[in-house]
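Architecture at a glance
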Amino acid sequence: MEATGGDGKAPGGPRVLVVGGGIAGLGAAQRLCGHPAFPHLRVLDARPVPGRSRIRSERGFGGVVEVGAHWIHGPSRGNPVFQLAAEYGLLGEKALSEENQLVETGGHVGLPCVSYASSGVRVSLQLVAEMATLFYGLIDQSREFLQAAETPAPSVGQYLKEAIRRHVAGWTEDEETRKLKLAVLSAFFNLECCVSGTHSLDLVALAPFGEYTVLPGLDCTFAEGYQGLTNCMVASLPEDTLVFEKPVKTIHWNGAFQEAAFPGETFPVSVECEDGDRFPAHHVIVTVPLGFLKEHLDTFFDPPLPAEKAEAIRKVGFGTNNKIFLEFEEPFWEPDCQLIQLVWEDTSPLEDPTLTLRDAWFRKLIDFVVLPAFGSVHVLCGFIAGLESEFMETLSDEEVLLCLTQVLRRVTGNPRLPAPKSVLRSRWHSAPYTRGSYSYVAVGSTGDDLDLLAQPLPADGTDAQLQVLFAGEATHRTFYSTTHGALLSGWREADRLLGLWAPQAQQPRPRL
């Protein structure tokens, strides 16, 4: 049964619901609201404030801090987030420059300005650069197995470790230097865990690793906060499009639902909220994070999802990457320092850690980014991924502050280093509507699973079409884990509905 605009099945146009008000949901809503075929559109958001999903800018330390997404990755013409931010006038001159857009980073993080070892000495930046060249060279090689008939290892981590073992066999330095090199490599492994949003690179599938696409451009930030972008998107929507504090409990689909408010009409979908409210719809675009779907898979859809789609949700990886902001009265770092690396000298990527999470969670901290000074306020932003990151969420602010004060005193060799004045941190694993940070292609899954996540329901197309559509970063095969992947996925699903209801229409530009 094909639903079309002229067959009388949706008098006055289809009713469309978007579940989730992050950048994917807002992108879909913007695209559809710009077209006359969709006069009845609502965005249901569980939160009380618009656009605060995994993009979350908060006032703090006298300025704005990014608790969620930090950078535009690959800010260049092929990046829709960059283009939208530029059109809204949210980016600075440097970010907009042609020079910045042409930089090829290969997706690799820049080198630290200083590298502190756990014994309180500084690691030679030449040695750090040497290990970075080795590590990133191997990362680049690990992206080359997409078309391979078979891979030398199932995971990126195992592939890297086997390659490093071969390199270590050829090292001629003394034992102490070799150990330090391995410790620096361990720090780069932890960094890549943050980039991939995983606990361990042993969990990241090797064969599809190269499918993730890195765009050109030197990563840039929003001077006034990333959330300025989603605020502009919200402001462009008709009033009352967004409905706040409406967490969805169950999406009932493939039915024939009738609502008193719409006499004589039958809807294939009914969205039931936690507070008991029900919203009838012809189409629902689901944009909730994969972590939420994993946790609520058994109750969020009625009837349950097809087995193949449910299995894809279970298989695709979704990990935690958190930030810890530390405010200092005075900086202990050099004025031009931008990145501080931490190296634990007794670690090696070739050996599994033996300490408990409580005793060693802080060793997963990769580095501290020096944030631009807000007047006389000086802030470091530390990044930490995986189970250690999730354990950190269970600690109090006081425990985190005390622990990191001890760490910084230890690595700087200054036992009297003043403690940070305050701490602010993200807790993405504990957040009920995200349950983590972003997706990766885990061992046992492939890019096909991401495509499966993106497939609308019902899958056979024999019933009313496109009842439940799916968007969000985890549904984008080549840009998963990014805000631009999320935005593109929202546009993709909006375009599906435009293709159904207004096939002759030009695809609209987002309304700015």
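Each value, and the rule that gives it
- Residues numbered from 1 in each chain as written.
- Predicted model: local features only at pLDDT ≥ 70, side-chain atom pairs only at ≥ 80, totals over all residues.
- Heavy atoms only, no water.
- UniProt positions renumbered as here; feature names shortened; annotations may be inferred.
- Pairing = 2+ DSSP bridges.
- Helix = DSSP H or I, 4+ residues; strand = E, 2+ residues; numbered from the N terminus.
- Phe/Tyr/Trp six-rings, centres within 6.5 Å; stacked < 30°, edge-to-face > 60°.
- Buried < 20%, exposed > 50% of the residue type's maximum accessible area, 1.4 Å probe, protein only.

In the annotation of an unreviewed UniProt entry, the entry for the protein chain reads Polyamine oxidase, and the organism field reads Aotus nancymaae. As its UniProt record puts it under Cofactor (unreviewed entry), the protein chain is described as follows: "FAD".

What follows is about the pairing of strand S3 (residues 57-60). When S3 meets strand S4 (residues 63-66), the two strands line up antiparallel, connected through 4 bridges. Note on S4: the bridge partner recorded for arginine 59 is valine 64. The turn linking S3 back onto S4 is made up of 2 residues, and phenylalanine 61 within it adopts a positive phi angle of 60°.

Take the packing of aromatic side chains next. Taken as a whole, this structure holds 19 aromatic pairs when the rule is applied. Here phenylalanine 135 and phenylalanine 188 contribute two aromatic rings whose centre-to-centre distance is 5.8 Å and whose plane-to-plane angle is 20°, an arrangement assigned as stacked. With phenylalanine 135 in helix H5 (residues 125-142) and phenylalanine 188 in helix H7 (residues 175-196), this pair connects stretches of sequence that are 53 residues apart. Phenylalanine 188 matches phenylalanine 135 in its accessibility class, with the two residues each being buried. When the centroid spacing of 5.3 Å and the interplanar angle of 65° are considered together, the rings of tyrosine 212 and tyrosine 480 count as edge-to-face. On the criterion of sequence distance, the pair formed by tyrosine 212 in the loop between H7 and helix H8 (227-235) and tyrosine 480 in the loop between strand S19 (468-470) and helix H15 (483-501) is long-range, its members being 268 residues apart. With a relative accessible area of 19%, tyrosine 212 lands in the buried category.

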